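Here's the letter readout for the chains.
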Amino acid sequence: MRQDDHRWSRRRTIVVGVDGSSGSKTALRWALEQAERTAADVEAVNVWTPEPAHYAYLPVALAVDDLASAAETALLDTLVEVTRQYGRSVPIRPRVLRGLPVEELLHAARSAQLLVLGAPTHGTLAGLLLGSVSHQCVQRATCPVLIAPAVPHRPSAQSLGWADVDHRVIPPRS
């Protein structure tokens, strides 16, 4: 293990899956905010796999090097975009891993304080049939898992309180 790896293993770490999707951007924003609150580092992970079944939507077959490069570009572009919007400094370690997304994310988060993932973008039925990465991570992770929605939701004032029998909103206790 390199000295750099020791530094990361001793610190509190939040692992976040980043693939460039809107859900992963929301997850990254949430992870950065949580890391700032808890004095943790963020490990941003993009996982790619060379298996053609995972890239059936691509019009042409890409070389393995192209897939690795595309994963790295997606990760770094997302980090730049989100951190530019975020505006504060939290230590971030970008990692591009080759393998199956569920296995690699779980391995990366094995000693993390939290794993943050974006919500799946396909519908509920497709998620049940295909088995989403987030669902499998929730089922198997050894640390808490937070699933961030693809579109950040700002709750209304009424949704923050409890409704009594007469449907009047009772504000939360402060």
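If you're wondering where the values come from, they're calculated on a predicted model, not measured in any experiment. (Residues numbered from 1 in each chain as written. Predicted model: local features only at pLDDT ≥ 70, side-chain atom pairs only at ≥ 80, totals over all residues. Heavy atoms only, no water.)

Counted under the stated rule, the structure contains 5 salt bridges. A salt bridge links arginine 93 to glutamate 43; the shortest N-O distance between them is 3.9 Å. Highlighted residues: arginine 93 in strand E3 (residues 92–98) and glutamate 43 in strand E2 (residues 41–48), separated in sequence by 50 residues. Per residue, the accessibility class of arginine 93 equals that of glutamate 43, and both read buried. (Salt bridge = Lys/Arg side-chain N within 4 Å of Asp/Glu carboxyl O. Helix = DSSP H or I, 4+ residues; strand = E, 2+ residues; numbered from the N terminus. Buried < 20%, exposed > 50% of the residue type's maximum accessible area, 1.4 Å probe, protein only.)

Among the secondary structure elements, glutamine 113 is positioned in the loop between helix H4 (101–108) and strand E4 (114–118). Along the chain, glutamine 113 and threonine 142 lie 29 residues apart, while their C-alpha atoms are 9.4 Å from each other. In contact with glutamine 113, other than residues within four places in its own chain, are Arg12, Thr13, Ile14, Thr38, Ala40, Cys143 and Pro144. A polar atom in the side chain of glutamine 113 sits 3.3 Å from the side chain of threonine 38. (Contact = heavy atoms within 4.5 Å. Polar contact = N/O pair within 3.5 Å; in protein donor to acceptor, adjacent residues only side chain to side chain.)

A positive phi angle, near 55 degrees, is found at alanine 39, a position not held by glycine. Mapping alanine 39 onto the fold places it in the loop between helix H2 (22–38) and E2. Assessed through its relative accessible area of 56%, alanine 39 is described here as exposed.

Of all hydrophobic cores here, the largest spans 19 residues; its most connected members are Ile14, Val16, Leu28, Leu32, Val42 and Val116. Those elements that place two or more of their residues in this core are strand E1 (13–17), H2, E2, helix H3 (64–86) and E4. If you tally residues by element for this core, the top one is H2, at 5 residues. Discounting residues that sit within four places of it in the chain, valine 16 has contacts with Ala27, Leu28, Ala31, Val42, Glu43, Ala44, Val45 and Val116. Among the nonpolar cores identified, the runner-up in size contains 14 residues, and Val45, Leu97, Leu106 and Leu115 belong to it. (Core = buried A, V, L, I, M, F, W, Y, C linked by side-chain atoms within 4.5 Å.)

This part is about the pairing of E1. Within E1, 5 of the 5 residues are buried, which leaves it mostly tucked inside the rest of the structure. Side-chain alternation along E1 places Thr13, Val15 and Gly17 on one buried face and Ile14 and Val16 on a second face that is also buried. Pairing of E1 with E2, which is carried by 5 bridges, proceeds in the parallel orientation. Bridge pairing in E2 links threonine 13 to aspartate 41. (Pairing = 2+ DSSP bridges.)

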